[in-house]
Amino acid sequence: MSRFTPEPPASDEILAQVGYDPMSIPDMKEPEVVEYLRGITTYVSARAVRRAAKAGQIKGIRRMGCRFYSRRAALDWLMTGDESEPAES
């Protein structure tokens, strides 16, 4: 038996009581962002999401060596339509 037991995921009701918006929790990696946005529209490509994440157009956090993005950040990027190329260095 391990010393650390994982906590059960918080439900939407608990998050609402605490004051967190479930849409603002960064819990998706890039492939999950692509799947989420493809559920909304079919005009999203994995390459566009990868470029936007690399350029910092989709705001995310770094946790456990990976970048995680929230649903709100993905929707904000989708609604702005900002698909410009990353700046060349």
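Summarised in this report is the structure supplied together with it. (Residues numbered from 1 in each chain as written. Predicted model: local features only at pLDDT ≥ 70, side-chain atom pairs only at ≥ 80, totals over all residues. Heavy atoms only, no water.)

1. Let's talk about the nonpolar core
Okay, so step 1: Within the largest apolar cluster, 14 residues are counted, with the highest numbers of intra-cluster contacts made by V33, L37, V49, I58, Y69 and W77.
Okay, so step 2: Secondary-structure elements contributing two or more residues to this core are α2 (30-40), α3 (46-55) and α4 (71-80).
Okay, so step 3: In terms of residue count, α3 provides more of this core than any other element does, 4 residues in total.
Okay, so step 4: Each residue touching V49, except ones within four places of it in the same chain, is listed here: E30, V33, V34, L37, V44, I58 and W77. (Core = buried A, V, L, I, M, F, W, Y, C linked by side-chain atoms within 4.5 Å. Buried < 20%, exposed > 50% of the residue type's maximum accessible area, 1.4 Å probe, protein only. Helix = DSSP H or I, 4+ residues; strand = E, 2+ residues; numbered from the N terminus. Contact = heavy atoms within 4.5 Å.)

2. Points about the packing of α2 against α3
Okay, so step 1: Their axes nearest at 10 Å, the elements α2 and α3 cross at an angle of 125 degrees. Considering their axes alone, α2 and α3 lie oblique with respect to each other. Considering only the axes of α2 and α3, their crossing is right-handed. In this structure, α2 uses E30, V33, V34, L37 and R38 to contact α3, whose residues at the interface are A46, V49, R50 and A53.
Okay, so step 2: Taken together, the residues that form the contact of α2 with α3 break down as 6 nonpolar, no polar and 3 charged. (Axes fitted to C-alpha atoms, helices over the stretch in contact; angles between N-to-C directions. Parallel < 35°, antiparallel > 145°, perpendicular 65-115°, else oblique. Left-handed = near helix turned anticlockwise from the far one by under 90°. Nonpolar A, V, L, I, M, F, W, Y, C, P; charged D, E, K, R; others polar.)

3. Regarding the packing of aromatic side chains
Okay, so step 1: In the structure shown here, the tally under the stated rule is 0 aromatic pairs.
Okay, so step 2: Looking at R63, its charged tip hangs above the ring of F68, at a distance of 4.6 Å from the centre.
Okay, so step 3: The side chain of R71 reaches across the aromatic face of Y36, ending 5.7 Å from its centre. (Phe/Tyr/Trp six-rings, centres within 6.5 Å; stacked < 30°, edge-to-face > 60°. Lys NZ or Arg CZ within 6 Å of the ring centre and 35° of its normal.)

4. Here's the deal with the environment of R62
Okay, so step 1: Mapping R62 onto the fold places it in strand β1 (residues 60-63).
Okay, so step 2: Among the residues examined, R62 registers a relative accessible area of 58% and is labelled exposed.

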